[in-house]
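# What the coordinates show
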Amino acid sequence: MAVQAVAGATPEPAARPEAVAARRSWFAGLRSAKTITGLAILGVFVVAGAFGPMVWRTDPSALSDDVLQPPSGAHWFGTTQTGQDIFAQVLVGTRVSLLVGVTAAVMATVLSLIVGLTAGYVGGLTDELLSALANVFLVIPALPLVVVLAGYLPTRGSLTVAVVISLTGWSWGARILRAQTLSIRRRDFIEAARATGERPARILLFEILPNEMAIVASSFLFTIVFAILTQAGLAFLGLSDVTTWSWGGILYWAQNNQALQSGAWWWFVPPGLCIALIGTALAFVNFGIDEYVNPRLRVRGFHPRKSRRVRRTAPKQVVQDAGAAGDVLLEVTGLRVDYGDGPNAVHAVDGVDLVLRRGEVLGVAGESGSGKSTLAYAITRLLRPPGQVVAGEIRYWPTSAGPVDVLKMSDAELRAFRWAQLAIVFQSAMNSLNPVLRLREQLGDALIDHGPGMTPGQRQKRIAEVMTMVGLPTDRADAYPHELSGGMRQRALIAMALVLEPDILVLDEPTTALDVVVQRQILTKIMNLREQLGFAVVFITHDLSLLIEVADRIAVMYAGRIIETSTAKQLYEAPRHPYSDGLLHSFPLLHGPRRVLTGIPGAPPDLRLRSAGCAFQPRCTQAMAACTTTIPLLSATNLPTEAPDHQVACLLYQDGEGR
Amino acid sequence: MRYLARRFAFYVVTAWAALTLNFLIPRLMPGDPVQALLSRFRGRLDPRATEALTAMFGLNDESMWSQYRTYLVDLTKGDFGLSFTFFPTPVSTVILDSLLWTIVLVGVSTVVSFAVGTLLGIVAGWRRGTRWDHLLPITTFFSSIPYFWFGLIVLFVLSGELRLFPLAGGYSSWLSVDFSWPFLSSAFKHAVLPGLTIVVASVAGWLIPMRNMMVTTMSDDYVVLAEAKGLSPRRVMLNYAARNAILPSVATFTMSLGFVVGGAVLTEIVFSYPGIGNTLYQAVINEDFPLMQGIFLIITFVVLLANFLADLVYVWLDPRTRVEA
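Thresholds, definitions, all that
Residues numbered from 1 in each chain as written. Chains lettered and ligands numbered in written order. Predicted model: local features only at pLDDT ≥ 70, side-chain atom pairs only at ≥ 80, totals over all residues. Heavy atoms only, no water. UniProt positions renumbered as here; feature names shortened; annotations may be inferred. Helix = DSSP H or I, 4+ residues; strand = E, 2+ residues; numbered from the N terminus. Buried < 20%, exposed > 50% of the residue type's maximum accessible area, 1.4 Å probe, protein only. Contact = heavy atoms within 4.5 Å. Areas by Shrake-Rupley, 256 points an atom, 1.4 Å probe, with all protein chains shown as cover. Axes fitted to C-alpha atoms, helices over the stretch in contact; angles between N-to-C directions. Parallel < 35°, antiparallel > 145°, perpendicular 65-115°, else oblique. Left-handed = near helix turned anticlockwise from the far one by under 90°. Nonpolar A, V, L, I, M, F, W, Y, C, P; charged D, E, K, R; others polar. Pairing = 2+ DSSP bridges. Buried area = accessible area lost by both parts, 1.4 Å probe. Salt bridge = Lys/Arg side-chain N within 4 Å of Asp/Glu carboxyl O. Polar contact = N/O pair within 3.5 Å; in protein donor to acceptor, adjacent residues only side chain to side chain. Expected span 1.5 Å × (residues − 1). Arc of directions from axis to C-beta. Patch = residues over 30% accessible without salt bridge, like charges linked within 9 Å, V, L, I, M, F, W, Y side chains within 5 Å. Disulfide = S-S within 2.5 Å. Core = buried A, V, L, I, M, F, W, Y, C linked by side-chain atoms within 4.5 Å. Domains from an automatic or database assignment. pLDDT = per-residue confidence, 0-100. Phe/Tyr/Trp six-rings, centres within 6.5 Å; stacked < 30°, edge-to-face > 60°.

In the nomenclature of an unreviewed UniProt entry, chain B corresponds to Peptide/nickel transport system permease protein from the organism Kribbella antiqua. Under the Sequence similarities (unreviewed entry) heading, UniProt states for chain B: "Belongs to the binding-protein-dependent transport system permease family."

The name given to chain A in an unreviewed UniProt entry is Oligopeptide/dipeptide ABC transporter ATP-binding protein, with Kribbella antiqua as the source organism.

Set out below in structure tokens:
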């Protein structure tokens, strides 16, 4: 039905039921300076409206001889043309305007809850009809409708006005609540409640509603502002009872008595300022709610353009000059990445050393949460706050010159380095493509920004070339991402990565979202292209058995550290670390003999809890006493027959305190 | 083009709903307002006006259904009845005289406000965490100011005290309404302050959602990838982040436009602008029910049309809506 067409604009339904995270972010929202300011201003108005008229006992309607007096000690806001005290009027006005606002908002919110929850929960024809109703009311301009309604009203008291306003102001809330209810209804815990035969009313009130409180609150506050502004407008036009003092009513009298023209700004300015202030205050509180509902708004200092210099906490380690060998392309030394600052910082990558040689495939394996993706983001300098590189070097060795530290590049150098030397393929192809640009444009823009000398014809030729290379029909260049299949999207991303012939291709779980057949096709394609074009690959995946097949060397990550590194062959034949051994036996091999799958007991570690010893120790079947106190370092094993480049971080293979 | 067809169908339904609402309001209002009006004005109102009112609001003994039919038939002929403020001018003529003023004033101010708000929102989102963040509280404050209050202060200071702009009206009264230079420049001068009022009060309505959508979009994978591609910051900001972040702004154009139209009605009244909002006010204070209802319908129709234009823009901006299915 047509009415759903604009529903895509509703806020991200991110209010999840996970209590801990929610509570923490709720406090974060409260802590923001704007929210506090908003609540403070709101508090002042509520107190003024509730108690003001009792304390400042001047009758707002009483006439006196102090005609048109500017503000003074006796009359804080001055007096009107008939000597009425404006401060008293504003105090009563606060009470009236807030009451009208809150009453209208309560009624409108109840209406929008009834309509929104019913439409979202019941669905079907009821949903179609109720949504249509809400959308119709949303499109019909509210103020003219209110004015017309008020024009017919025989009496225009505050309550009547509030009713009229609520009748025109419920539709927005109803629409976003419907969208939210729809999305919550599809969640597992609601499905479970329905399956156990809970009554719909109970599910709505106790399961769905609590998850919508943020949105209800936000739309409630928003409606208060709408109602106060509308009431003020009506009163100003003389369309509501102007003998009750409201902010709009004061403005009506001020305007009719030419307050501004006679220089009596004190009569005209305060009520308007009050309206603007209360509107601002409520909007500020809503900012806090927005940040609660949409966590992405919460991160401060997001701007990624400023290059973040690496803070060096430890003295620079002495590294042997690996580049001297001549074939080193990328060398990561002592890389540490934290999420957050201070003592609560999570060390997602904790002192990683890696070497990538020209043309080789380096596999990085690990479970989710092992820090492997963070490593990819750090190498490409794409980390977003709160993630930050706190130590280490990432040295890139161009063919002609000495090494450059990627972490120290200026913004312009970094832009030039990206894609031309190092390209990346993310795991989710759908999300990685810009949904509103044709493939041609997304393939071509890197050519424009990196190679200014190219003619449009040359660019088109290059685009066709890379598309053919990855096996995409060239006529798909004018397609939008949503018109492509999953496999085609992944191919498009790979084509995009190859467009500038980079030295390094980082693949971050490039095939997880695809079915096995397509996975295999794409992997074979990448490996063939590598042989053809000679780029080096950093292949990041949880699938160690896959790496055994395609990688030259493999690094296994656990809890932010590399715990074993060696050639693929050695690792397959003789995995040393108990964790690698477990990983290797938790996936079936795509080729080769059948094996018994064992898996690893336990769950990946919580990186927020640092242990004094080996991070894998709690899950390790071969743990010793020393494992709880000593963090093993990556080094060659004590096995005499072992190749020197097979390094393990495990006390089982180290001489010394462990034995 | 199924998307547009669905939207169009929705607007037809909405238009019908507005028509029906318009028909029902005077008949369902408590206290029989039309009857009350007639008895209040007995003898003072032109008998022909009384007759017209009686027929129009069904005070003769016709059934509701046949009244509704007559009402719809009259509307298709553009017959909104006679205004009795400007008796015996037909309501349609009164509306036509003022409609163009409003469409130009509100149309131009809305486009300017949308453009300025969206651009500032893009930059404020892109540069979040910098001084641009201060734009938020400032524009929030301006958007909470009642249009009419701000309009009156602007009018008092800039026209009254500094005499930079005319005090009231849509053009200098000695000029004839044509497309001559003196008339157009006078009309422009008269439109500056009302337009400014609308822009200042409505700009935050575009800026803040746009900024928040920018921030949200900037952590989407395709924006991160655009950055990884080493594209120029301008291209990442405009073609990747803003190009997607603007979609919800266009999709919620409906609601924002509703506020602008409401505010514009009040603004016109303050500036005595010869537009339809001011005419609505005249109608309401004179209890000119036919004119009131005619204006409400016309405003609704124009808003529907504007929304349909926004839908066209949306289809142009988002290829996913163009799926043939």
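### Some words on the overall build of chain A
Scanning chain A from N- to C-terminus turns up 22 helices and twelve strands. The 659 residues of chain A split such that 54% are buried. Contacts spanning at least 24 positions in sequence make up 67% of the contacts within chain A whose residues lie at least 6 apart. Entry remark: accessible area of chain A is about 27500 Å², with carbon and sulfur atoms responsible for 60%.

### So, helix α12 (residues 276-285) of chain B
Residues and elements named next belong to chain B. With eight of ten residues buried, α12 is to be regarded as a mostly interior element. Among the residues of α12, those classed as buried are I276, G277, N278, T279, L280, Y281, A283 and V284. Downstream of α12 by a residue or two, E287 has a phi angle that is positive, lying close to 50 degrees.

### A few points about the packing of helix α4 (residues 124-139) of chain A against helix α7 (residues 171-185) of chain A
Residue and element names in this part refer to chain A. Close contact between α4 and α7 brings their axes to 8 Å; oriented N to C, the two are set at 140 degrees. In this view, α4 runs oblique relative to α7, as classed from their interaxial angle. Crossing of α4 over α7 shows left-handed handedness. Residues D127, S131, A134, N135, F137 and L138 of α4 touch α7, and the partners they reach there are S171, W172, A174, R175 and R178. Classifying every residue of the contact of α4 with α7 gives five nonpolar, three polar and three charged.

### Overview of the UniProt feature "domain: ABC transmembrane type-1" (unreviewed entry) in chain A
Under the present numbering, the feature "domain: ABC transmembrane type-1" (unreviewed entry) in UniProt falls on residues 94-286 of chain A. The straight-line gap between the two end C-alpha atoms of residues 94-286 of chain A is 21 Å; of that span, 81% is helix and 0% is strand.

### Remarks on the environment of D97 of chain B
Of note, D97 of chain B is situated in helix α5 (residues 91-126). Taking the C-alpha atoms as reference points, D97 of chain B and N278 of chain B, 181 residues apart in sequence, are found 12 Å from one another.

### Focus on the UniProt feature "transmembrane region" (unreviewed entry) in chain A
Residue and element names in this part refer to chain A. Sequence positions flagged by UniProt for "transmembrane region" (unreviewed entry) are, in local numbering, residues 36-56, 98-122, 129-153, 159-177, 214-237 and 265-289. For residues 36-56, the helix share is 95%, the strand share is 0%, and the end-to-end C-alpha distance is 27 Å. The span residues 98-122 shows a helical share of 100% and a strand share of 0%, and its end C-alpha atoms are spaced 35 Å apart.

### With respect to the sheet that holds strand β9 (residues 553-558) of chain A
Residues and elements named next belong to chain A. Strand order in the open sheet formed by eight strands is β6-β7-β8-β3-β9-β10-β12-β11, with mixed pairing between adjacent strands. Bordering the open sheet on either side are β6 (422-425) and β11 (635-636), each of which pairs with just one other strand. Two strands pair when backbone bridges link them, and β6 and strand β7 (residues 504-508) are joined in this way by four bridges, in the parallel orientation. If you follow L422 over to β7, its bridge partner there is I504. Along the sheet face, helix α13 (residues 372-379) touches β3 (361-365), β6, β7, β8 (536-541) and β9 and points at about 145 degrees away from the line of β8.

### A few points about the interface of chain A and chain B
Each partner contributes residues to the interface: chain A has 88 residues there, and chain B has 88 residues. Across the chain A to chain B interface the summed buried area is about 8200 Å²; carbon plus sulfur atoms make up 72%. Among the residues of chain A in contact with chain B, V139, Y152 and R296 of chain A are the three that bury the most area, contributing 10% of the side total. Taken together, the connections running from chain A to chain B amount to four salt bridges. Salt-bridge contacts for D445 of chain A lead to K229 of chain B; the nearest nitrogen and oxygen are separated by 3.1 Å. Here chain A is connected to chain B by 16 residue pairs in polar contact (both at pLDDT 80 or more).

### Digging into helix α17 (residues 456-470) of chain A
Residue and element names in this part refer to chain A. Between its terminal C-alpha atoms α17 stretches 22 Å, which fits the 21 Å expected from 15 residues at 1.5 Å a residue. For α17, the set of buried residues is R459, R462, I463, V466, M467, M469 and V470. The buried residues of α17 occupy an angular sector of 155 degrees when projected down its axis, which confines them to one face. Summarising the geometry of α17, the exposed residues directed more than 90 degrees from the buried face are K461 and T468. Contacts made by the buried residues of α17 are with α16 (439-450), α18 (486-498) and α19 (516-533).

### Things to note about a nonpolar patch on the surface
Residue and element names in this part refer to chain B. Taken together, the side chains of L100, I103, V104, V108, V112 and V116 define a hydrophobic patch exposed on the protein surface, amounting to about 480 Å² of accessible area. Among the secondary structure elements, L100 is positioned in helix α5. On the basis of relative accessible area, L100 is assigned to the exposed category, the value being 56%.

### Observations regarding the sheet that holds strand β2 (residues 346-357) of chain A
Residue and element names in this part refer to chain A. Ordered by their spatial adjacency, four strands build an open sheet running β2-β1-β4-β5, and the pairing between neighbours is antiparallel. In the strand order of this sheet, the two ends are held by β2 and β5 (404-405), each with one partner. As paired strands, strand β4 (residues 387-396) and β5 are joined by two bridges and run antiparallel to one another. Bridged to Y396 within β5 is V404.

### Here we look at the state of the cysteines
Counted under the stated rule, the structure contains zero disulfides over all chains. Here C614 of chain A stays free of any disulfide, with the sulfur of C627 of chain A as its closest cysteine sulfur at 6.0 Å.

### Quick look at the nonpolar core
One finds L335, W419 and F539 of chain A together with M214 of chain B to be the most contacted residues of the largest nonpolar core, which totals 250 residues. At 15 residues, helix α13 (residues 289-317) of chain B tops the list of elements feeding residues into this core. If you count residues domain by domain, this core takes at least three from each of domain 1 (59-273) and domain 2 (328-421 + 502-648) of chain A. Setting aside residues no more than four positions away along its own chain, L335 of chain A makes contact with V349, D350, G351, V352, L375, A378, V389, A391, G392, I394 and L407 of chain A. Judged by nonpolar contacts, the second largest core, of 17 residues, contains L113, L138, L204 and V216 of chain A.

### A few points about the confidence of the model for chain A
All names here are of chain A. Here chain A shows a mean pLDDT of 81. Residues at 70 or above account for 88%. Scored below 50 in pLDDT, residues 1-23 shows 48 contacts in the model against residues more than four places distant or in partner chains. For residues 301-324, every residue scores under 50 in pLDDT, and the model assigns this stretch 53 contacts once sequence neighbours within four places are set aside.

### Some points on the pattern of salt bridges
Enumeration over the complete set of coordinates arrives at 23 salt bridges over all chains. Of the charged contacts, one joins R202 of chain A and E198 of chain A as a salt bridge, the two residues approaching to 3.4 Å between their closest N and O atoms. Taking relative accessible area as the criterion, R202 of chain A reaches 42% and is therefore assigned partly exposed. Residue classification places E198 of chain A among the partly exposed residues on the basis of a relative accessible area of 23%. A salt bridge links R211 of chain B to D133 of chain B, with the shortest nitrogen-to-oxygen separation between them at 3.7 Å. Taken together, the residues span a long stretch of sequence, with R211 of chain B in helix α8 (residues 181-218) and D133 of chain B in the loop between α5 and α6 (135-144) at a distance of 78 residues. Residues R211 of chain B and D133 of chain B agree in their burial class; the two are buried. When salt bridges with common partners are traced through the structure, they connect E331, E393 and R395 of chain A into a single cluster.

### Focus on the pairing of β9 of chain A
All names here are of chain A. In terms of residue burial, β9 counts as a mostly covered element, since six of its six residues are buried. A two-sided burial pattern is seen for β9, the buried positions comprising R553, A555 and M557 on one face and I554, V556 and Y558 on the other. As paired strands, β3 and β9 are joined by four bridges and run parallel to one another. Following the sheet pairing, A365 is matched in β9 by V556. As paired strands, β9 and strand β10 (residues 561-567) are joined by six bridges and run antiparallel to one another. The residue of β10 that forms the bridge with I554 is S566.

### Some remarks on the domain arrangement of chain A
What the domain assignment reports for chain A is domain 1 (59-273) and domain 2 (328-421 + 502-648). A straight line from the C-alpha centre of domain 1 of chain A to that of domain 2 of chain A covers 57 Å.

### Some thoughts on the packing of aromatic side chains
The description of an aromatic ring pair rests on the distance of the ring centres and on the angle between the ring planes. Inspection of every chain in the model, using the stated rule, returns 31 aromatic pairs over all chains. Here Y252 of chain A and W253 of chain A contribute two aromatic rings whose centre-to-centre distance is 5.2 Å and whose plane-to-plane angle is 80 degrees, an arrangement assigned as edge-to-face. On the accessibility criterion, Y252 of chain A (17% relative accessible area) is buried. Feature note: the residues F8, F10, Y11 and F308 of chain B constitute an aromatic cluster, connected by ring pairs.

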